[in-house]
Amino acid sequence: MKRSDRLISLTRFFLEHPHELTRLSTFTERYDASKSSISEDVNIIHTMFEQEGIGSLHRYSGSSGGVSYIPYYSKKDSTAFIEKLCNTLEDPDRILPGGYLYMSDLLGDPQTIRKIGQAFVSAFSNQTVEAVVTVETKGIPLAYAVAAQLDVPVVIIRRNMQITEGPSVSINYVSGRSKRIQTMVLPKRFLNEGMNVCIIDDFMKGGGTVSGMVSLLEDEFHAKVVGIGVLAEAQDEENEQMVEEYTSLIKVSHIEMDKKRISIEKGNYFSEES
């Protein structure tokens, strides 16, 4: 096999197997090449990944060592995308009753979802994430986009108990926006106790739902929430924000329902150090 062909094949392998540790001997056998040749290939791909801003290849020494692709996407690359998204969301026709935004078309677009997932992956790059958790809402596609990059499972918290999912744990929580008591359910088989998880949600106003998710995960499953990612947050002047530490990509700073006017800006993800 020519080196150019081998480089293409290796690049595809790493992109399709993020965070998967693979021994160099696996590649020497697969491509019938020497270890030194594979090492040179890995160096070339590593340099290319860093130049393109899509991550890096990490090497691990020892008998159980090997190489692993760690996705990482710079905030610089995400800025133009988020700015364009903000402009799109400022369309007054997107304003929904209650100060919400119509985003279903964006959440159904694979390219948009992929780029949003990449931004969240970068936000959690310094954390060990074992599962991505979301609630049964429009945020499910976002959770899968993040999980695919991290190569971890998606856990979906339900609104109602499903008999086909076995024994479940449920809690009542207070909605931050409506102040109503609501219920969320998580089957016991969906999540092992003590896991490191990140929460992904599509829209946060008062933070009641996210706060309830944190309580369910920490109190009932002894999980450690290492990150909270929100696509869009909205200022809620009438209610105190129930979640303090989170990462948002977009902020709905002002909505005038009567004048059909809306102001969108970049979220706190872009105010943090790169």
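Look above for the structure.
Below is a summary of the structure that appears in this document.

Conventions we followed
- Residues numbered from 1 in each chain as written.
- Predicted model: local features only at pLDDT ≥ 70, side-chain atom pairs only at ≥ 80, totals over all residues.
- Heavy atoms only, no water.
- Helix = DSSP H or I, 4+ residues; strand = E, 2+ residues; numbered from the N terminus.
- Buried < 20%, exposed > 50% of the residue type's maximum accessible area, 1.4 Å probe, protein only.
- Areas by Shrake-Rupley, 256 points an atom, 1.4 Å probe, with all protein chains shown as cover.
- Salt bridge = Lys/Arg side-chain N within 4 Å of Asp/Glu carboxyl O.
- Pairing = 2+ DSSP bridges.
- Axes fitted to C-alpha atoms, helices over the stretch in contact; angles between N-to-C directions.
- Contact = heavy atoms within 4.5 Å.
- Expected span 1.5 Å × (residues − 1).
- Arc of directions from axis to C-beta.
- Parallel < 35°, antiparallel > 145°, perpendicular 65-115°, else oblique.
- Nonpolar A, V, L, I, M, F, W, Y, C, P; charged D, E, K, R; others polar.
- Core = buried A, V, L, I, M, F, W, Y, C linked by side-chain atoms within 4.5 Å.
- Phe/Tyr/Trp six-rings, centres within 6.5 Å; stacked < 30°, edge-to-face > 60°.

1. Observations regarding the overall build of the protein chain
Then step 1. Scanning the protein chain from N- to C-terminus turns up 8 helices and 12 strands.
Then step 2. Each of the three principal axes of the protein chain carries a C-alpha extent, and together these read 65 × 45 × 30 Å.
Then step 3. Taking all 274 residues of the protein chain together, the buried fraction comes to 49%.
Then step 4. In the form shown here, the protein chain has an accessible surface area of approximately 14300 Å², with 45% of it arising from carbon and sulfur atoms.

2. Some details on the pattern of salt bridges
Then step 1. Counting across every chain of the model gives 7 salt bridges.
Then step 2. We note a salt bridge from Asp105 to Arg94, for which the minimum N-O separation is 2.7 Å. Taken together, the residues Asp105 in helix α5 (residues 104–107) and Arg94 in the loop between α4 (75–89) and β3 (95–96) connect sequence positions 11 residues apart.
Then step 3. The class of Asp105 is partly exposed, set by a relative accessible area of 36%.
Then step 4. Note that Glu136 and Arg158 form a salt bridge whose closest N and O atoms lie 3.4 Å from each other.

3. A look at the sheet that holds strand β11 (residues 247–256)
Then step 1. Read from one edge to the other, the open sheet built from 6 strands follows the order β6-β5-β9-β10-β11-β12, with strand pairing classed as mixed. In this open sheet, the two edge strands, each paired with only one partner strand, are β6 (154–157) and β12 (261–266). Here the strands of the sheet are splayed against their neighbours by 25° on average, with no regard to which way each runs.
Then step 2. For strand β9 (residues 196–204) and strand β10 (residues 224–234), the ladder comprises 8 bridges, and the chain directions are parallel. Its bridge partner being in β10, Val197 is matched across the sheet by Val225.
Then step 3. Helix α7 (residues 140–150) rests against β5 (131–135), β6, β9 and β10 of the sheet, and its axis sits at about 180° to β5.

4. Quick notes on the environment of Glu52
Then step 1. Checked against the element boundaries, Glu52 lands in helix α3 (residues 35–52).
Then step 2. C-alpha of Glu52 to C-alpha of Leu85: the two residues are 33 residues apart in sequence and 22 Å apart in space.

5. Things to note about helix α1 (residues 3–16)
Then step 1. Taking 1.5 Å per residue, 14 residues should reach 20 Å; α1 reaches 20 Å between its end C-alpha atoms and fits that length.
Then step 2. Within α1 the residues assigned to the buried category are Arg6, Leu7, Leu10, Thr11, Phe13 and Phe14. Projected down its long axis, α1 shows its buried positions confined to an angular sector of 160°, all on one face. Set apart from the buried face of α1 by more than 90 degrees, the exposed residues are Ile8 and Arg12.
Then step 3. If you follow the buried residues of α1, they end up packed against α2 (24–31), α3, β1 (56–60) and β2 (66–70).

6. Let's talk about the packing of α2 against α3
Then step 1. The interhelical angle for the contact between α2 and α3, taken along N-to-C directions, is 110°, at an axis separation of 9 Å. With respect to their mutual orientation, α2 and α3 come out roughly perpendicular. Contact residues: Leu24, Phe27, Thr28 and Tyr31 in α2; Lys35, Ile38, Ser39 and Val42 in α3.
Then step 2. Of the residues assigned to the contact of α2 with α3, the class counts are 5 nonpolar, 2 polar and 1 charged.

7. Focus on the nonpolar core
Then step 1. Among the nonpolar cores identified, the biggest contains 41 residues, and Leu85, Val132, Leu231, Leu249 and Ile250 are the most heavily contacted of them.
Then step 2. Looking at this core element by element, the count peaks at 6 residues for α7.
Then step 3. In this view, Val132 contacts Ala143, Val146, Ala147, Leu150, Val152, Pro153, Val154, Val155, Cys198 and Ile200; residues no more than four positions away in its chain are not counted.
Then step 4. By size, the runner-up hydrophobic cluster in this structure holds 27 residues, among which are Val169, Leu186, Met213 and Leu217.

8. Structural notes on the packing of aromatic side chains
The description of an aromatic ring pair rests on the distance of the ring centres and on the angle between the ring planes.
Then step 1. Evaluation of the coordinates by the stated rule reveals 7 aromatic pairs.
Then step 2. Geometrically, the ring pair formed by Phe49 and Tyr69 is tilted, given 5.0 Å between the ring centres and 55° between the ring planes. Here Phe49, found in helix α3, pairs with Tyr69, found in strand β2; they are 20 residues apart in sequence, far enough to count as distant. Accessibility assignment for this pair places Phe49 and Tyr69 in one class, buried.
Then step 3. Grouping aromatic residues by their ring pairs yields a cluster made of Phe13, Phe14, Phe27 and Tyr31.

9. Describing α4
Then step 1. Relative to the 21 Å expected for 15 residues at 1.5 Å per residue, α4 spans 20 Å between its end C-alpha atoms, a close match to the ideal helical length.
Then step 2. Packed against the buried residues of α4 are β4 (100–101), α5, α6 (110–123), β10, β11 and β12.

10. Quick look at the environment of Phe13
Then step 1. Mapped onto the elements, Phe13 comes out in helix α1.
Then step 2. Overall, the relative accessible area of 12% leaves Phe13 in the buried class.
Then step 3. Filtering out sequence-adjacent residues up to four positions away, Phe13 remains in contact with Glu20, Thr22, Phe27 and Arg30.

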